[in-house]
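The chain contents come next:
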Amino acid sequence: MTTDQKRSRVVAVVGSPRPDGNTVTVVKTVLQELEGRQIDTELLFLPDYRVYPCEGHDTCGSLRSCPLEDDMPLLLEKVYGADGAIFASPVYYENVTAQLKAFMDRTVWQYNHERWLEPRVIGLVAVAYETGLDDTIAALRRFIGLSTQREIPVEVLTGLAYELGDAAGNADLMAAARDLAGRLAGHLSSGD
Ligand SMILES: Cc1cc2nc3c(=O)[nH]c(=O)nc-3n(C[C@H](O)[C@H](O)[C@H](O)COP(=O)(O)O)c2cc1C
């Protein structure tokens, strides 16, 4: 890559409530590996932002903007403007966490205004103690399916971890995180 080429940017939305938790650990490892490959990254830890739950206004589709005043416009600008997007969640009751679900629901204004998510690649990450990984990834895939209008490559990482520090101590999971970064970077450099 020549220095005047624009660097790609990958933004990760993390729905864990634990800043030092397993999901953050996995995602940080992915982003670190991407940075090492000359890709800019940003981790959006949802508890750092105000994301109010959708209030289901019937008029959403005709509103000039969502009436809820919180940090969603900032988050949407970052995520919808990125070359790559990662959505990551611990498994809670075999699904995404409430934090990530609130974010997903609030993208409905984009949906109602046909503003589609169009990164060049999407990464999905789910971390569980034991069960629900497939259901959680399926929920994320449905969200992606409703948020896009074209085929976007999706790369997935699931891992098992329970207590704080479990992911960091799991060499296989950390290697899988670096592998996910390699796959994401591959899509960004191949231009597909
Ligand atoms: C409310 C709650 C619900 C959970 N539900 C599940 C579950 O359905 N299946 C599972 O294997 N682990 C479940 N877990 C365990 C978490 O997925 C696991 O501890 C994960 O590593 C937490 O990720 P974090 O450290 O990023 O927060 C649950 C934990 C909590 C607090």
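Residues numbered from 1 in each chain as written. Predicted model: local features only at pLDDT ≥ 70, side-chain atom pairs only at ≥ 80, totals over all residues.

Participant: What is the right way to look at the overall build of the chain in this model?
Facilitator: Within the chain one finds 6 helices and 5 strands. The C-alpha radius of gyration of the chain comes to 16 Å, within 12% of the 16 Å expected for a compact globule of 192 residues. Buried residues in the chain amount to 41% of all 192 residues. Pairs at least 24 apart in sequence give 79% of the contacts found in the chain among residues at least 6 apart. (Helix = DSSP H or I, 4+ residues; strand = E, 2+ residues; numbered from the N terminus. Rg over C-alpha atoms; globule rule 2.2 N^0.38 Å. Buried ≥ 20, exposed ≤ 12 C-beta atoms within 10 Å, placed from the backbone. Contact = placed C-beta atoms within 7 Å.)

Participant: How should the site of the ligand be read in this particular structure?
Facilitator: Near the ligand, the surroundings consist of 18 residues, among which Gly21, Thr23, Pro90, Ala128 and Tyr129 are the closest. The set of elements that each furnish at least two residues to the shell around the ligand consists of α1 (22-36) and β4 (121-128). (Near = placed C-beta within 6 Å.)

Participant: Can you walk me through the packing of α1 against helix α6 (residues 171-190) in this structure?
Facilitator: Helix-helix packing is characterised by the crossing angle of the two axes and by the distance between the axes. The N-to-C vectors of α1 and α6 enclose an angle of 45°; their axes lie 8 Å apart at closest approach. In terms of orientation, α1 and α6 fall into the oblique class. In the crossing of α1 with α6, the sense of the turn from one axis to the other is right-handed. Facing Val26, Thr29, Val30, Glu33 and Leu34 of α1, the residues of α6 in contact are Leu173, Met174, Ala177, Arg178, Leu180, Ala181, Leu184 and Ala185. (Axes fitted to C-alpha atoms, helices over the stretch in contact; angles between N-to-C directions. Parallel < 35°, antiparallel > 145°, perpendicular 65-115°, else oblique. Left-handed = near helix turned anticlockwise from the far one by under 90°.)

Participant: How should the sheet that holds strand β3 (residues 84-90) be read in this particular structure?
Facilitator: Paired through backbone hydrogen bonds, the strands of a sheet run either parallel or antiparallel to each other. One open sheet accounts for 5 strands, arranged β2-β1-β3-β4-β5; its pairing is parallel. For this open sheet the edge positions go to β2 (40-45) and β5 (154-160), each flanked by a neighbour on one side alone. Each strand of the sheet is rotated relative to its neighbour by a mean of 15°, with strand direction disregarded. Contacts from helix α5 (residues 133-147) reach β3, β4 and β5, with the element oriented near 150° to β4. (Pairing = 2+ DSSP bridges.)

Participant: Mind showing me how you'd approach unusual backbone geometry here?
Facilitator: The bulk of non-glycine residues show a negative phi, and the bulk of peptide bonds are trans. One non-glycine residue with positive phi stands out, namely Gln38, at about 65°. Relative to the elements of secondary structure, Gln38 occurs in the loop between α1 and β2. Of the residues examined, Gln38 has 12 C-beta atoms within 10 Å and is grouped as exposed.

Participant: It is not clear to me how helix α2 (residues 72-80) should be interpreted in this structure. Could you clarify?
Facilitator: One turn of an α-helix holds 3.6 residues; hence residues three or four places apart share an orientation. Buried within α2 we find Met72, Leu75 and Val79. Along the axis of α2, the buried positions cluster into a sector of 65°, meaning they face one direction only. Of the residues in α2, the exposed ones pointing more than 90 degrees away from the buried face are Leu74 and Glu77. Along its buried surface, α2 packs onto β1 (9-14), β2, β3 and α3 (98-106). (Arc of directions from axis to C-beta.)

Participant: Whenever I open this one, α3 confuses me. Can you help?
Facilitator: Along α3, the residues classified as buried are Gln99, Leu100, Phe103, Met104 and Arg106. When α3 is viewed along its axis, its buried side chains cluster within an angular range of 165° and face the same direction. Buried positions along α3 lie against β1, α2, β3, α4 (108-112) and α5.

Participant: Can you help me understand the environment of Val96 in this one?
Facilitator: Structurally, Val96 can be placed in the loop between β3 and α3. In this structure, the C-alpha to C-alpha distance between Val96 and Gly132, residues 36 residues apart in sequence, is 9.5 Å. Setting aside chain neighbours within four positions, we find Val96 in contact with Gly15, Ser89, Lys101, Thr136, Ala139 and Leu140.

Participant: Got a minute to help me understand the pairing of β5 in this structure?
Facilitator: Side-chain direction in a regular strand flips from residue to residue, so the side chains alternate between the two faces of the sheet. Of the two faces of β5, the one holding Glu155, Leu157 and Gly159 is buried and the one holding Val154, Val156, Thr158 and Leu160 is not buried anywhere. Note that β4 and β5 share 7 bridges and pair parallel. Each residue of the ladder has a partner; that of Val125, found in β5, is Leu157. Note that the unit made of β4, α5 and β5 has a crossover that is right-handed. (Right-handed = clockwise from strand over helix to strand, strands pointing away.)

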